[in-house]
Amino acid sequence: MTVDAFFKLEDMKPKDYKSDVPTTWCPGCGHFGILNGTYRAMAELGIDPAKFVAVSGIGCSSRMPYFVDSYKMHTLHGRAGAVATGTQVARPDLCVVVAGGDGDGFSIGGGHMPHMARKNVNMTYILMDNGIYGLTKGQYSPTSRPEMTAYTTPYGGPEQPMDPITYMLAYGATYVAQAFAGKPKDCAALIKGAMEHEGFAYVNIFSQCPTFNKIDTIEYYRDLVEPLPEDHDVTDMDEAMRLARRPDGKARTGLFYQVRENTLDENLKAIRDRVGGSPDYDMNKILDLAKP
Ligand SMILES: Cc1ncc(C[n+]2csc(CCOP(=O)(O)OP(=O)(O)O)c2C)c(N)n1
Ligand code: SF4
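- The name given to the protein chain in an unreviewed UniProt entry is 2-oxoglutarate synthase, beta subunit KorB, with the source organism recorded as Magnetococcus massalia.

1. Some details on the sheet that holds strand β9 (residues 225–227)
Then comes step 1: With mixed pairing, the 8 strands of this open sheet are ordered in space as β2-β1-β3-β4-β8-β7-β10-β9. Of all strands in the sheet, those with a lone pairing partner are β2 (71–74) and β9, marking the two edges. Taken pair by pair, the neighbouring strands of this sheet meet at an average axis angle of 20 degrees, ignoring direction.
Then comes step 2: Set on the sheet, helix α2 (residues 80–90) makes contact with β1 (52–56), β2 and β3 (95–101); between it and β3 the angle comes to about 175 degrees.

2. Section: the site of ligand 2
Then comes step 1: As a matter of local geometry, ligand 2 sits amid W25, C26, C29, H31, C60, N130, C209, P210, T211 and F212.
Then comes step 2: For the shell around ligand 2, a count of residues per class yields 7 nonpolar, 3 polar and no charged.

3. A closer look at the environment of H112
Then comes step 1: For H112, the location among the structural elements is in the loop between α3 (102–108) and α4 (113–118).
Then comes step 2: Judged by its relative accessible area of 27%, H112 is partly exposed.
Then comes step 3: Put simply, H112 and A82 are 30 residues apart on the chain and 6.5 Å apart in space, counted from C-alpha to C-alpha.
Then comes step 4: Among all residues touching H112, those that are not within four sequence positions of it are G78, R79 and A82.
Then comes step 5: At 3.0 Å, the side chain of H112 forms a polar contact with the side chain of R79.

4. Some thoughts on the site of ligand 1
Then comes step 1: Residues in close proximity to ligand 1 total 17 residues, the closest being C60, S61, G103, D104 and G134.
Then comes step 2: Between ligand 1 and the protein, one listed contact pairs an oxygen atom with a backbone N or O atom of G134 at 2.8 Å.
Then comes step 3: Measuring from an oxygen atom of ligand 1, one finds a backbone N or O atom of L135 at 3.0 Å.
Then comes step 4: Looking at the shell around ligand 1, the elements with two or more residues in it are α3 and β5 (132–133).
Then comes step 5: In terms of residue count, α3 provides more of the shell around ligand 1 than any other element does, 4 residues in total.

5. A short note on the pairing of β1
Then comes step 1: Burial within β1 is extensive, with 5 of its 5 residues counted as buried.
Then comes step 2: Across the two faces of β1 the burial is the same, with F52, A54 and S56 and V53 and V55 all buried.
Then comes step 3: Note: β1 against β3, 5 bridges, orientation parallel. Directly across from F52, in β3, lies its bridge partner C95.
Then comes step 4: In the sheet, β1 pairs with β2 via 4 bridges, with the strands oriented parallel. Its bridge partner lying in β2, A54 is registered against K72.

6. Some points on the nonpolar core
Then comes step 1: Judged by nonpolar contacts, the single largest core of 36 residues is most densely connected at F6, I47, F52, M64, C95, M195 and I205.
Then comes step 2: Where this core is concerned, the elements lending two or more residues are α1 (31–44), β1, β3, β4 (124–129), β7 (175–180), α6 (184–196) and β8 (201–206).
Then comes step 3: Once residues lying within four places of it in the same chain are set aside, the contact partners of M64 are W25, I34, L35, T38, A99 and M128.
Then comes step 4: In terms of nonpolar packing, the next biggest core, distinct from the first, is built from 31 residues, L94, V98, I165 and L264 among them.

7. Focus: the packing of aromatic side chains
Then comes step 1: Scanning all chains against the criterion turns up 9 aromatic pairs.
Then comes step 2: Arranged with centres 5.0 Å apart and planes meeting at 85 degrees, the rings of W25 and F67 form a pair that is edge-to-face. Pair noted here: W25 is in the segment before α1 and F67 is in the loop between β1 and β2, with a separation of 42 residues, a long-range link.
Then comes step 3: Given a relative accessible area of 9%, W25 falls into the buried group.
Then comes step 4: Ring centres 6.3 Å apart and planes at 70 degrees place the aromatic pair F106 and Y202 in the edge-to-face group. You can see F106 sitting in helix α3 and its partner Y202 sitting in strand β8, a full 96 residues away along the chain.
Then comes step 5: One aromatic cluster is present, built from ring pairs that chain together F106, Y125, Y167, Y171 and Y202.
Then comes step 6: Just above the ring of Y220 sits the side chain of R145; from NZ or CZ to the centre is 3.8 Å.

Rules and cut-offs
Residues numbered from 1 in each chain as written. Chains lettered and ligands numbered in written order. Predicted model: local features only at pLDDT ≥ 70, side-chain atom pairs only at ≥ 80, totals over all residues. Heavy atoms only, no water. Pairing = 2+ DSSP bridges. Helix = DSSP H or I, 4+ residues; strand = E, 2+ residues; numbered from the N terminus. Axes fitted to C-alpha atoms, helices over the stretch in contact; angles between N-to-C directions. Contact = heavy atoms within 4.5 Å. Near = heavy atom within 4 Å. Nonpolar A, V, L, I, M, F, W, Y, C, P; charged D, E, K, R; others polar. Buried < 20%, exposed > 50% of the residue type's maximum accessible area, 1.4 Å probe, protein only. Polar contact = N/O pair within 3.5 Å; in protein donor to acceptor, adjacent residues only side chain to side chain. Core = buried A, V, L, I, M, F, W, Y, C linked by side-chain atoms within 4.5 Å. Phe/Tyr/Trp six-rings, centres within 6.5 Å; stacked < 30°, edge-to-face > 60°. Lys NZ or Arg CZ within 6 Å of the ring centre and 35° of its normal.

In structure tokens form, the structure reads like this:
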């Protein structure tokens, strides 16, 4: 079954998807730009909130679902993608979106990441990459630069950061994109494409944390990013990998990679169809197998 949430409502405005819960983020936090990009993507797709589920883990970023007027789940640290997989498989007609931080996704949640991508679960993963643990007051994360001194690393980091885009390409995600929270229109366009994509869509969004990350500032990200070349072929994995590794030090933004492959729910349905599975199946046939 394909997602049945799009183009249900006409003339929707981004603010129509705002919930009654006031935002809790610090002034100047990049997460606002990502939330606004999400509202805009929802409005452009005329999404029916009754067919939309926002699922998050734990962190400042994971508060996002409270601010969206739809079904939602605020789960456990690092488990959003696992819970969302259950949601998507049970109800393939819903538009499922995961939101979380870099610590949530690639530290504690790092074990679930390859499997969401590998299984090609039909959902969107929005990762708000601020290079720090915000909600716990500023410890270094797997995307922090080693020169950053932080709460548990007062003399700098003892290791190199990982690059989310390279990981997700290697894990087999079928839609891989990167954006910067300072450009909410770009965020909206890539999130919209991710929601419409049939398969596992990953969007990495640089999001400044002015309260605790004193080196990955809005100015730093503005200088770091550069759009992918206009003629970039989104089916060229080798080129996507090459650019993900920042050959000239620039982090590319835009759509790195997109291909259409069977999704987990499509493959599960194919198995059910092959064996003629249905909710009315006579369970006695299974019990009969245990007869001596
Ligand atoms: C199992 C578990 N371990 C640790 C924590 C403490 N904790 C709360 S939020 C968080 C990380 C937040 O950082 P990130 O996911 O990068 O999101 P941000 O707050 O920066 O948006 C941690 C470790 C927890 N809630 N649960
Ligand atoms: S601590 Fe950082 S990530 Fe958390 S709300 Fe404040 S600015 Fe945003």
